[in-house]
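Commentary on secondary and tertiary structure
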Amino acid sequence: MAAEKDNGAGGQPEFEVPAYWAEAKEELMRRDRIMKRLIPQFGDMHLKGHPDPFTTLARSIVGQQVTPKAADAAWIKLNACCPKLTPAQIIKLGAEQLSACGLSKRKTEYILDLADHFKAKRVHANLWSEMDDEAVIAELVQIRGISRWTAEMFLIFNLLRPNVLPLDDPGLIQGISQNYFSGEPVSRSDAREVAANWEPWRTVATWYLWRSLDPASASGSASGLASAAASGTVE
């Protein structure tokens, strides 16, 4: 799970640099000429995780197939109606009040199903940190509204896994196209071939490619990561 510490001032929690980040940067810059150029551009910036599994997944559902602005508005309303945002509170809120937050009928069903999975312990959130990536993905995709891409974003942003390659992410594919293929179309096979040189740090390389698409912003990549990944930031 994301490393979190209290900032001591009653504000937002601060997230520590993932333990592997410095080593990954060094190795990627040594192996890959594009990473050698990209990584120094972003100084001490690094991936920041989102510590609560249920909230991370709920946010990903709210952000699906809508603009970041619409997702943010729905998320603010949901938090206003349900400040604790626990599975039990979501279930207590019910479909009618969830819909009043601006969620579609389908997303309301997805959020309730997610809450039910957590409350009934049909997912093993307490064990995810010990499970391998594919085992976590296999469990998550059993929940309605959770795709493989969403599960991979969860691995990156909640569990801080270092070697995730989200091939369904348009931002990753665009980043590879722009940085490695001069903007030419890129196949999944092309992406895998490029990424083979990044192992075991594919998450880190992916993060820098996202950044390369939107270097001035902490709000995401062309993939719409800001609204769909977790809590509205790719920091």
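That block above? That's the structure.
Numbering of residues begins from 1 in every chain and follows the order in which that chain's sequence is written. Given that the model is predicted, a residue must reach a pLDDT of at least 70 before its local features are reported, and side-chain atom pairs must reach 80 or more before they are shown or counted; all residues, however, enter totals for whole chains, interfaces and linings. Calculated side-chain values reflect all of the structure's heavy atoms, with hydrogen atoms and water omitted.

1. A look at the packing of helix α5 (residues 87–100) against helix α6 (residues 105–119)
Lines fitted to C-alpha atoms define the axes, with helix axes restricted to the stretch in contact, and inter-axis angles between N-to-C directions lie between 0 and 180 degrees. By the criteria applied, helices consist of DSSP H or I runs no shorter than four residues and strands consist of E runs no shorter than two, each listed in order from the N terminus. As a packed pair, α5 and α6 sit with axes 9 Å apart at the nearest point and diverge in direction by 165 degrees. With respect to α6, the element α5 is oriented roughly antiparallel. Pair α5 / α6 crosses with left-handed handedness. Residues Pro87, Ala88, Ile90, Ile91, Ala95, Leu98 and Ser99 of α5 form the contact with α6, whose participating residues are Thr108, Ile111, Leu112, Ala115, Asp116, Phe118 and Lys119. A per-class count over the contact of α5 with α6 returns 10 nonpolar, 2 polar and 2 charged. By the definition adopted for this analysis, an angle is roughly parallel if under 35 degrees, roughly antiparallel if over 145, roughly perpendicular if from 65 to 115, and oblique otherwise. By definition, any crossing whose near helix is turned counterclockwise from its far helix by less than a right angle is left-handed, and any crossing with a clockwise turn is right-handed. The criterion used for residue contact is that any of the two residues' heavy atoms lie within 4.5 Å. Note on residue categories: nonpolar means Ala, Val, Leu, Ile, Met, Phe, Trp, Tyr, Cys or Pro, charged means Asp, Glu, Lys or Arg, and polar means any other residue, Gly included.

2. Considering helix α4 (residues 68–81)
Between the first and last residue of a helix there are one fewer steps than residues, each counted as 1.5 Å, and that sum is the expected span. For α4, built from 14 residues, the straight-helix expectation of 20 Å at 1.5 Å per residue is met to within 8% by its first-to-last C-alpha distance of 20 Å. The buried label applies to any residue whose accessible area, calculated with a 1.4 Å probe on protein chains only, is under 20% of its type's maximum; exposed applies above 50%, and partly exposed to all values in between. For α4, every residue scored as buried is listed here: Ala71, Ala74, Trp75 and Leu78. Considered in projection along α4, the buried side chains sweep an arc of 100 degrees and stay on one side of the axis. The exposed residues of α4 that point more than 90 degrees off its buried face are Lys69, Ile76 and Ala80. As used here, the arc is the angular range of directions from the helix axis to the C-beta atoms.

3. Some remarks on unusual backbone geometry
Cis geometry marks the peptide bond from glutamate 199 to proline 200, where omega comes out at 5 degrees. Checked against the element boundaries, proline 200 lands in the loop between α10 (188–195) and α11 (202–213). Its identity is not glycine, yet serine 182 carries a phi of approximately 50 degrees, on the positive side. Among the secondary structure elements, serine 182 is positioned in the loop between α9 (170–180) and α10.

4. Describing the state of the cysteines
Structurally, a disulfide amounts to a covalent bond that connects the sulfur atoms of two cysteines. Counting rule for disulfides: a pair of cysteine sulfur atoms within 2.5 Å. This model, assessed by the stated rule, comprises 0 disulfides. Cysteine 81 takes part in no disulfide bond, and the closest cysteine sulfur, belonging to cysteine 101, lies 3.6 Å away.

5. Considerations on the pattern of salt bridges
Pairs can form between side chains of opposite charge whenever their charged atoms are close. For this document, the term salt bridge refers to a Lys or Arg side-chain nitrogen within 4 Å of an Asp or Glu carboxyl oxygen. Summed over the entire model, instances satisfying the criterion amount to 9 salt bridges. A salt bridge links glutamate 27 to arginine 31, with the nearest nitrogen and oxygen atoms 2.6 Å apart. Linking glutamate 27 with arginine 31, this pair stays in helix α1 (residues 21–31), spanning 4 residues, or about one helical turn. Classification of glutamate 27 as buried rests on a relative accessible area of 15%. A relative accessible area of 33% means that arginine 31 is categorised as partly exposed. Note that aspartate 72 and arginine 59 form a salt bridge whose closest N and O atoms lie 2.7 Å from each other. Residue aspartate 72 is located in helix α4, and its partner arginine 59 is located in helix α3 (residues 53–62); the two are separated by 13 residues in the primary sequence.

6. Thoughts on the packing of aromatic side chains
Between the rings of Phe, Tyr and Trp (Trp by its six-membered ring), a pair exists once the centres lie within 6.5 Å; its type follows the angle of the planes, with under 30 degrees stacked, over 60 edge-to-face, and the other angles tilted. Scanning the model with the defined rule gives 11 aromatic pairs in all. With a centroid separation of 5.3 Å and 70 degrees between ring planes, the pair formed by phenylalanine 54 and phenylalanine 118 is classed as edge-to-face. Of this pair, phenylalanine 54 sits in helix α3 while phenylalanine 118 sits in helix α6, placing them 64 residues apart in sequence. Using a relative accessible area of 2% as the deciding quantity, one classes phenylalanine 54 as buried. Ring geometry for phenylalanine 118 against tryptophan 128: centres 5.9 Å apart, planes inclined by 80 degrees, an arrangement best described as edge-to-face. On the criterion of sequence distance, the pair formed by phenylalanine 118 in helix α6 and tryptophan 128 in the loop between α6 and α7 (133–140) is long-range, its members being 10 residues apart. Judged by its relative accessible area of 14%, phenylalanine 118 falls in the buried class. Overall, tryptophan 128 belongs to the buried group, its relative accessible area being 0%.

Everything listed is a geometric property; what it means functionally is a separate question.
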